[in-house]
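# Secondary and tertiary structure notes
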Amino acid sequence: MRAVCYTPFVIIDQVKLRQLVHVFLEENKKLNLSAFRTDEHCWIGNVLDSLSFLEALKSVEGLKMPATLLDIGTGGGFPLLPLAISLPETHCSGIDATRKKIDAVQRIVASLGLKNVGLFVDRFEDKARDKNFREKFDCVTARAVAPIAVLLEYAVPFLTVGGFCAFWKSSKVADELAASVNAQKILGVSFAGTYEYDLSSDFGKRLIVFFRKTKTTSSEYPRKVGIPKAKPL
Ligand code: SAM
């Protein structure tokens, strides 16, 4: 069977996901986008890791299938591309400050014929002040970008009130969560839960941490480029 559709909105198209691995690894030879250089490592460490989000949506209470999703710091396109393939009714955008990475993701998108992906080269701190982006996304995702307190300042201004953010983390997240309490309060989010999964012995246990936005973001945030990282809330 070519594709398995298990809800009206989720399609696990193994052929397209394998094609993504192939095209991504070709780009990775030129650009050093990811440490995962074999089919098997890229499949597990990038594709299956990204798709864990779909299981998390079913198990963390109160999360809804997003109509619009923004992946901040998408780099070579993870978790953006596996999610765009599997959620064809969701409009998926990716943003990164590095043009050569976004250009590579654009070539992958063209090669796979994906129609639900938008790509942007910019700093999060600047893009979040663009009225077409501020408070416009149902879901903001991030993997391997920054500690939670910093990620919240990057992500929350892009979210609609009621929207949620999803941060991929290793299982040792307690200190980061504790250090983000002030940022949660200032930015108006509530902790929505975590989803823990185990990819395999080589990759170990991982987590996706979810926060839901409960109020409009003050125009003070995000602060100027570089400040969220240098002086976390
Ligand atoms: N999410 C991808 C993954 O998991 O494979 C890439 C992660 S990579 C380690 C982090 C990315 O975040 C880099 O490509 C970097 O350019 C981007 N980034 C970090 N801070 C940023 C900022 N303030 N604005 C825009 N991009 C940023």
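Up top you'll find the structure we're talking about.
So, here's what we can say about the structure.

How each quantity is defined
Residues numbered from 1 in each chain as written. Predicted model: local features only at pLDDT ≥ 70, side-chain atom pairs only at ≥ 80, totals over all residues. Heavy atoms only, no water. Helix = DSSP H or I, 4+ residues; strand = E, 2+ residues; numbered from the N terminus. Buried < 20%, exposed > 50% of the residue type's maximum accessible area, 1.4 Å probe, protein only. Expected span 1.5 Å × (residues − 1). Bend = angle between axes of the 7 residues up to and from the residue. Near = heavy atom within 4 Å. Polar contact = N/O pair within 3.5 Å; in protein donor to acceptor, adjacent residues only side chain to side chain. Areas by Shrake-Rupley, 256 points an atom, 1.4 Å probe, with all protein chains shown as cover. Nonpolar A, V, L, I, M, F, W, Y, C, P; charged D, E, K, R; others polar. Phe/Tyr/Trp six-rings, centres within 6.5 Å; stacked < 30°, edge-to-face > 60°. Lys NZ or Arg CZ within 6 Å of the ring centre and 35° of its normal. Pairing = 2+ DSSP bridges. Axes fitted to C-alpha atoms, helices over the stretch in contact; angles between N-to-C directions.

## Notes on unusual backbone geometry
Along the chain, F78 connects to P79 via a cis peptide bond; the corresponding omega equals 5°. Positionally, P79 belongs in the loop between β3 (68-72) and α3 (80-86). Cis geometry is found at the peptide bond from Y221 to P222, where omega equals 0°. Within the element layout of this structure, P222 appears in the loop between β9 (205-213) and α9 (227-230). In this structure, E135 is a non-glycine residue whose phi angle is positive, near 55°.

## Digging into helix α6 (residues 148-155)
Within α6, 8 of the 8 residues are buried, which leaves it mostly tucked inside the rest of the structure. Turning to α6, its buried residues number three or more, namely I148, A149, V150, L151, L152, E153, Y154 and A155.

## Describing helix α2 (residues 39-59)
In an α-helix, one turn spans 3.6 residues; hence positions three or four apart end up facing the same way. When the terminal C-alpha atoms of α2 are compared, their 29 Å separation across 21 residues agrees well with the 30 Å that a helix rising 1.5 Å per residue should span. If you look at α2, its biggest bend is around 35°, right at L48.

## Thoughts on the site of the ligand
Of all residues adjacent to the ligand, which total 15 residues, the nearest are G73, F78, D96, K101 and R143. The contact in question runs from an oxygen atom of the ligand to an N or O atom on the side chain of D96, over 2.6 Å. Taking E125, its side chain carries an N or O atom lying 3.1 Å from a nitrogen atom of the ligand. Surface burial for the ligand is 79%, taken as the share of its 600 Å² of free accessible area covered by protein chains. Residue composition of the shell around the ligand, by class: 5 nonpolar, 4 polar and 6 charged.

## Considerations on the packing of aromatic side chains
Scanning the model with the defined rule gives 13 aromatic pairs in all. The interplanar angle of 80° and the centroid separation of 5.0 Å between the aromatic rings of F24 and F78 together place this pair among those described as edge-to-face. Of this pair, F24 sits in helix α1 (residues 14-31) while F78 sits in the loop between β3 and α3; the two residues are 54 residues apart in sequence, bridging distant segments of the chain. The pair F24 / F78 is uniform in exposure class, with both members buried. On the basis of an interplanar angle of 45° and a centroid distance of 6.0 Å, the ring pair of F167 and F211 is categorised as tilted. Pair noted here: F167 is in strand β7 (residues 159-170) and F211 is in strand β9, with a separation of 44 residues, a long-range link. Pair check on accessibility: F167 and F211 agree, each one buried. Positioned above the aromatic ring of W43 is the side chain of R18, whose terminal nitrogen or guanidinium carbon lies 3.7 Å from the ring centre. For the cation-ring pair, K127 lies above F133, with the distance from its terminal atom to the ring centre recorded as 4.4 Å.

## So, the sheet that holds strand β6 (residues 137-143)
Read across the open sheet, the 7 strands follow the order β5-β4-β3-β6-β7-β9-β8; overall the sheet is mixed. Pairing within the sheet leaves two strands with one partner each, and these edge strands are β5 (117-121) and β8 (189-198). Sheet twist, expressed as the mean angle between neighbouring strand axes with direction ignored, is 20°. One ladder, built from 7 bridges, connects β7 with β9; its direction is antiparallel. Residue pairing in the sheet places F167 in a bridge with V209 of β9.

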